[in-house]
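Chain by chain, the residues:
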Amino acid sequence: MDATPAEAPATESAPELTAKQLADAKAYGNAKLTCRVIDLVIDFSFLIAIAFLAAEPLDRWLTHSCGLQSAWLRLMSLFLLVAVLHELISLPLNFYSGYMLEHKFGLSRQSIVRWLCRSLLQHALVTVFGLLMVSGMFALIWYVGPWWWFVAAAAAFLVSVLLGQLVPVLVLPLFYKIERLEDADLLARFTSLTAGTTLSIQGVYRMQMSSETSKANAMLAGMGRTRRVILGDTLLDEFQEDEIAVVLAHEIGHHVFGHITKLVVLGAIMSILNFWLCDLALRWTSTQAVFSYAAVPVSVLPLLLLIITTLSFVASPLQNALSRHFERQCDWYALEQTQLVDAYRSAFTKLARLNKADPAPHRLEVFLTHDHPPINERLAMAERFRDQLPQA
Ligand SMILES: [Zn+2]
């Protein structure tokens, strides 16, 4: 039986974080941020060194010492060389951040072998995907000519739509066991929450994360027929029904407001800018007497990778601000749909505790790196919502 909002049983009041939990969350956040900054420094130093110092010698070495006369073979070899070198250079920091820190703070349940296998799989996927993208990009530069950047942006848009559909059914299951949610009580809650939206009740899944991590997570994924809400088993097992309802309502909000589609469109605009800047770089840095797209050398690849990395770095605060705006929209939506202010408060307090999320990070850190609003801000929203409720 559905309780009316006013009669809804209050979830046990949100246990605040203890001083120790707060200090832990701050220390974890700072350590992760430091790793991120070092990682950025490594990435940029590496790409700058390769683009401006090593690219041409490497290309010559591949041509003369390795006997690779075909530009295609040299392109793929150069990309693989850069990718593997980058992985090797980043490995110590990745291990420290992804394995040691997670264990130090009691968040990871992975063995070292499992961490290695999953990292390898992840990097292999990224490298194969990168190889396909880079080959496609050079095919367009060499054969399409002046408008290659526009065709490349259109192709990238199609790829992102395709990936949007395939990620939840092909990629996520490589890393996690995902199955349809079977809990009858929760499904009944979900049915009432999805009523009036175009999200089908078929689309709620349970993702087994607890063998990897103690962190709780939930997401809206997929496009079209693969659109679904995925809830981590960590969240399903630790959260009470009202709290899960709040999280689900939040995820449904992402669907109702069309956030995934909006992000894909934003991505398309970014691609146009990205490839257009690459085109400018091709022409400005060319040493050809008369510039010809068909004669663009393989050695320009690291410069293009540097441009793409730089643009994504420069745009990330903007993208994060947009993401935080989306999250606030969905938080408010979840409050409106469930009216469960106490459950909302306890759900976010639990999330902060389980994920060791700093409830109030520095504003600059939020501006630069956070794609979700800090927990304290989300809790403050609950109070604003409560204030505007009609008094009983
Ligand atoms: Zn969200």
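Structure's up top.
What this report covers is the structure whose coordinates are included nearby. Since we're looking at a predicted model, the values are computed, not measured.

1. Let's talk about the pairing of strand β4 (residues 228-232)
Burial runs high along β4: five of the five residues are buried. Alternating positions in β4 separate into two faces, Arg-228, Ile-230 and Gly-232 on one and Val-229 and Leu-231 on the other, with burial throughout. Pairing geometry for strand β3 (residues 218-221) and β4, over four bridges, is antiparallel. Across the sheet, the residue bridging to Ala-218 is Leu-231, located in β4.

2. Structural notes on the packing of aromatic side chains
Both the distance between ring centres and the angle between the ring planes are used here to describe each pair of aromatic rings. Evaluated as defined, the whole model comprises 15 aromatic pairs. Between Trp-147 and Trp-149, the ring centres sit 5.6 Å apart and the planes meet at 25°, which makes this aromatic pair stacked. Judged by relative accessible area, Trp-147 falls into the exposed class, the value being 56%. Ring centres of Tyr-344 and Phe-348 lie 4.7 Å apart, and the angle between their planes is 65°; on these two criteria the pair is classed as edge-to-face.

3. Topic: the coordination of the zinc ion
Taken together, the protein ligands of the zinc ion are His-250 (NE2), His-254 (NE2), Glu-327 (OE) and Glu-327 (OE), with distances of 2.1 to 2.7 Å. Taken together, the four donor atoms surrounding the zinc ion define angles of 52 to 130° at the centre, an arrangement classified as irregular. Taken in sequence order, the residues that donate to the zinc ion follow the motif H-x3-H-x72-E. Taken together, the residues His-250 and His-254, both in helix α7 (residues 241-256) and four residues apart, mark about one turn of the helix. For the pair His-250 and His-254, one class covers both residues: buried.

4. Things to note about empty space enclosed by the protein
Any space left empty among the atoms is revealed by the rolling of a water-sized probe across them. Throughout the structure, instances matching the rule amount to one cavity of 30 Å³ or more. Reported here for the largest cavity is a volume of approximately 40 Å³. In terms of lining, the largest cavity is formed by Arg-328, Asp-331, Pro-373, Glu-377, Arg-378, Met-381 and Arg-384. If you list the elements that add at least two residues to the lining of the largest cavity, you get α9 (301-338) and α12 (375-387). Broken down by element, the lining of the largest cavity gets its largest block of residues, four residues, from α12. Residue composition of the lining of the largest cavity, by class: two nonpolar, no polar and five charged.

5. Remarks on the sheet that holds β4
Reading across the sheet, the four strands line up as β1-β2-β4-β3 and stay open at both edges, with mixed pairing between neighbours. Edge positions in the sheet fall to β1 (177-180) and β3, since each has one partner strand and no second. The average undirected angle you get between the axes of adjacent strands in this sheet is 30°.

6. Points about the pattern of salt bridges
The tally for this structure, following the rule as stated, stands at 20 salt bridges. Asp-242 is the salt-bridge partner of Arg-189, the closest N and O atoms lying 2.9 Å from each other. Within this pair, whereas Arg-189 is found in helix α5 (residues 184-194), its partner Asp-242 is found in helix α7, the two being separated by 53 residues in sequence. The same class applies to Arg-189 and to Asp-242, which are both buried. Note that Glu-383 is salt-bridged to Arg-386, the shortest N-O span being 3.2 Å. Placement of both Glu-383 and Arg-386 in helix α12 is noted, with a separation of three residues, approximately one turn of the helix. Three or more residues are tied together by salt bridges with common partners; here these are Asp-342, Arg-345, Glu-383 and Arg-386.

7. Re the nonpolar core
In terms of nonpolar packing, the biggest core is built from 39 residues, with Phe-190, Leu-231, Leu-235, Phe-239, Ile-244, Leu-248 and Tyr-344 touching the most fellow members. Listing elements by their share of this core, those giving two or more residues are α5, β3, β4, α6 (233-238), α7, α9, α10 (341-355) and α12. At eight residues, α10 tops the list of elements feeding residues into this core. Core analysis: the second largest hydrophobic core is formed by 38 residues, Phe-138, Ala-153, Ala-281 and Val-296 among them.

8. A closer look at the packing of α10 against α12
Closest axis-to-axis distance for the α10/α12 pair is 10 Å, and the angle between their directions is 175°. In terms of their interaxial angle, α10 and α12 are classed as roughly antiparallel. In this structure, α10 contributes Val-341, Asp-342, Tyr-344, Arg-345, Phe-348, Thr-349 and Ala-352 to the contact, and α12 contributes Ile-375, Arg-378, Leu-379, Met-381, Ala-382, Glu-383, Phe-385 and Arg-386. Looking at side-chain class alone, the contact of α10 with α12 contains nine nonpolar, one polar and five charged residues.

Procedures and definitions
Residues numbered from 1 in each chain as written. Predicted model: local features only at pLDDT ≥ 70, side-chain atom pairs only at ≥ 80, totals over all residues. Heavy atoms only, no water. Buried < 20%, exposed > 50% of the residue type's maximum accessible area, 1.4 Å probe, protein only. Helix = DSSP H or I, 4+ residues; strand = E, 2+ residues; numbered from the N terminus. Pairing = 2+ DSSP bridges. Phe/Tyr/Trp six-rings, centres within 6.5 Å; stacked < 30°, edge-to-face > 60°. Donors = N, O, S within 2.8 Å, 3.2 Å for Na, K, Ca; no water. Tetrahedral: all angles 85-135°; square planar, octahedral: opposite > 155°, others 65-115°. 1 Å grid on protein atoms, 1.4 Å probe; cavity = no way out; pocket = protein on both sides within 12 Å on 5 of 7 lines; lining within 4 Å. Points joined across faces, edges and corners; volume = space filled by probe spheres on them. Nonpolar A, V, L, I, M, F, W, Y, C, P; charged D, E, K, R; others polar. Axes fitted to C-alpha atoms, helices over the stretch in contact; angles between N-to-C directions. Salt bridge = Lys/Arg side-chain N within 4 Å of Asp/Glu carboxyl O. Core = buried A, V, L, I, M, F, W, Y, C linked by side-chain atoms within 4.5 Å. Parallel < 35°, antiparallel > 145°, perpendicular 65-115°, else oblique. Contact = heavy atoms within 4.5 Å.

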